[in-house]
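Residue-level structural notes
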Amino acid sequence: MLLEQLINGITLGSIYAIVALGFTLVFGVLGIINMAHGEIFMFGAFVGVMVTSTLGWPIWMAFLAAIIVTAILGYMLERFALRPLRGKKGVSHLAPLISTIGVSILLENLSHHLFGAGNHPFKNAFAEIHFTIGSITIYVVQIVIFVISVVLMMALSYWLSKTRAGKALRATAENLDTASILGVNTRQIITLTVVMASAMGGIAGILVGMAFNSVNPQMGLSMGLKGLAIIILGGMGNVKGAMAGGLILGLAETLIVAYGDSGYRDAIAFLAIIVILLIRPQGLFGQKTSEGRP
Amino acid sequence: MKVLKVSGIETFYGKIQALKGVSLEVEQGKIVTILGANGAGKTTTMKTIAGLIKPKTGTIEFLGENVTGLRPDQLVKKGISLVPEGRAILSGMTVMENLDMGAYQRKDKEVEKDLEDVLKRFPILKERKNQLGGTLSGGQQQMLAIARALLARPKLLLLDEPSMGLAPLIVAEIFKIIKEIKDAGTTVLVVEQNAKQALKIADYGYVLETGKVIIHGKAKDLLEDPRIVEAYLGRKSEK
Ligand SMILES: Nc1ncnc2c1ncn2[C@@H]1O[C@H](COP(=O)(O)OP(=O)(O)OP(=O)(O)O)[C@@H](O)[C@H]1O
Ligand SMILES: [Mg+2]
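Right, let's walk through the structure included here. Computed from a predicted structure; not experimentally measured.

Rules of the game
- Residues numbered from 1 in each chain as written.
- Chains lettered and ligands numbered in written order.
- Predicted model: local features only at pLDDT ≥ 70, side-chain atom pairs only at ≥ 80, totals over all residues.
- Heavy atoms only, no water.
- Contact = heavy atoms within 4.5 Å.
- Buried area = accessible area lost by both parts, 1.4 Å probe.
- Salt bridge = Lys/Arg side-chain N within 4 Å of Asp/Glu carboxyl O.
- Helix = DSSP H or I, 4+ residues; strand = E, 2+ residues; numbered from the N terminus.
- Pairing = 2+ DSSP bridges.
- Donors = N, O, S within 2.8 Å, 3.2 Å for Na, K, Ca; no water.
- Near = heavy atom within 4 Å.
- Polar contact = N/O pair within 3.5 Å; in protein donor to acceptor, adjacent residues only side chain to side chain.

Concerning the interface of chain A and chain B
- Every contact between the two is made by 17 residues of chain A and, on the other side, 22 residues of chain B.
- Per-residue buried area on chain A facing chain B is highest for Arg164(A), Ile181(A) and Leu182(A); these three make up 36% of the total on that side.
- Here chain A and chain B share two salt bridges between them.
- Between Glu97(B) and Arg170(A) there is a salt bridge, with the nearest N and O atoms lying 2.8 Å from each other.
- Every element with two or more residues in the side of chain A that touches chain B is listed here: helix H6 (164–174) and helix H7 (176–181) of chain A.
- Take the side of chain A that touches chain B: its biggest share by element is six residues, from H6(A).

What to know about the sheet that holds strand S5 (residues 65–66) of chain B
Residue and element names in this part refer to chain B.
- With antiparallel pairing, the four strands of this open sheet are ordered in space as S2-S1-S4-S5. Two strands bound the open sheet, and with one partner strand each, they are strand S2 (16–27) and S5.
- As judged from the two bridges shared by strand S4 (residues 57–62) and S5, these two strands associate in the antiparallel manner. Residue pairing in the sheet places Phe62 in a bridge with Glu65 of S5.

Considering the coordination of the magnesium ion (ligand 2)
- Bound to the magnesium ion (ligand 2) are the protein donor atoms Thr43(B) (OG1) and Glu85(B) (OE), situated 1.8 to 2.1 Å from the metal. Taken together, the residues Thr43(B) in helix H1 (residues 42–50) and Glu85(B) in the loop between strand S6 (80–83) and helix H3 (95–102) connect sequence positions 42 residues apart.

Quick word on the site of ligand 1
Residues and elements named next belong to chain B.
- Close to ligand 1 lie 14 residues, the nearest being Lys42, Thr43, Thr44, Glu85 and Gln193.
- For ligand 1, an oxygen atom lies 2.9 Å from a polar atom in the backbone of Gly41.
- The side chain of Glu85 places a nitrogen or oxygen atom 2.6 Å from an oxygen atom of ligand 1.
- Mapped by element, the contributors of at least two residues to the shell around ligand 1 are S2 and H1.
- It is H1 that contributes the most residues to the shell around ligand 1, three residues altogether.

All quantities given are derived from atomic positions and should not be read as evidence of function.
Below is the structure:
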């Protein structure tokens, strides 16, 4: 059923969008790709497993715990892996990227250690509840995922465009020095950005757990690469681009699996990027230059 | 009373020494100008005062307090605002958002009123308030940059080449605005290539050359100083 597949695609796409937003916020403000974002997302998912399966607490507690844990991880990432490299003379501009790759490997190893390899079931009380309209089946969990994602995206958009801190973040993303001479404590904004982005990764982790009922330590890498693909697709540092790119990728993947060859599922993201970049080098929503901060 | 006292600052870009011991003072309620050829270190001086670059040695005192090494946002809080060279408009934000950012640190009730006053003073900004900053013309961007800096209610306004790249009519307007800012009670330190016009509105002037102050004095004396007439006013003043 096409409609059913569309619903699946939108559900998956809205999760991708949340992951990509985390990437895009950090890229916008720091001008770097946070390669540890995927692993932070994976940690969020494992926190969900712990809370729901091991402790048997309700799903909303899983969200809360995942947000707290991933926010702390984000804070530590910025404080110990990124900040020491910033503004130092002679540090290569690739150094922070390498630093985040280091953190991603550390987190993956740590999760093997803490949670063990292989798949872990993600329990969710309403996983099986569904209803049918005509011939299509809709799971309640899909609606929940979609609603949470949309609310999160709307809240973020509102925050960025209307609040004082949101404007400060945008100013910092556009030009760090300009923001600072206007009175913005840019170090604080950078920390806030990495923490917020990480917490969004944590939320996405729970959403993926709910969608697939299973979590493993490798999921960080593939999600990380897809998030990266999406922000290139949508335009680096572009919030609307991340949302649209996420939805496009989710739909494309689902439809390929349904009507094409499921073996190519993960290749889709990268194929799409190559094609888009050939046609629009700056991404779908990007400005002419996509080099980040000048 | 001295608003700003810079003593012997030396500023480096890596191994390149851009300032070799610059000292200058700015009196309350005055316009002080810094002149000098390209690469003399004018922008570096302004950036060092605003906290964007830290000097290796030397001190900066603001209203009697040592503020050397503070961050730009801390200096904004103390009352120093910089309009940088090239204006630094936030091009992806609207004119109104740029102005909001000017008052970023303020929480007092008069922000709204100040915003209204600024829009009244610069009607062109009011007309374009929902337009993106990057779509304004050079002159409009300069107005916006000055208006935005004023919204912080600075005690000392630093202007780095406000007339750069603007048509003569707009340049005259900018100098008129600087004069008004002073008359409203704000102390101004302005870097200019337009030496003649700058000295006409200024009370005091400094001339920088390769990172050092080589001449300083009352603006009206500098206008007559043969060294300055020759190097900076020469041909222009005969036009
Ligand atoms: N980011 C930088 N890195 C290295 N050297 C720099 C940098 N910025 C400025 N300089 C050097 O420092 C010196 C002073 O530059 P500065 O920009 O302060 O000059 P200026 O007087 O403002 O010149 P202009 O009139 O062209 O604006 C110059 O020799 C310049 O090459
Ligand atoms: Mg300069």
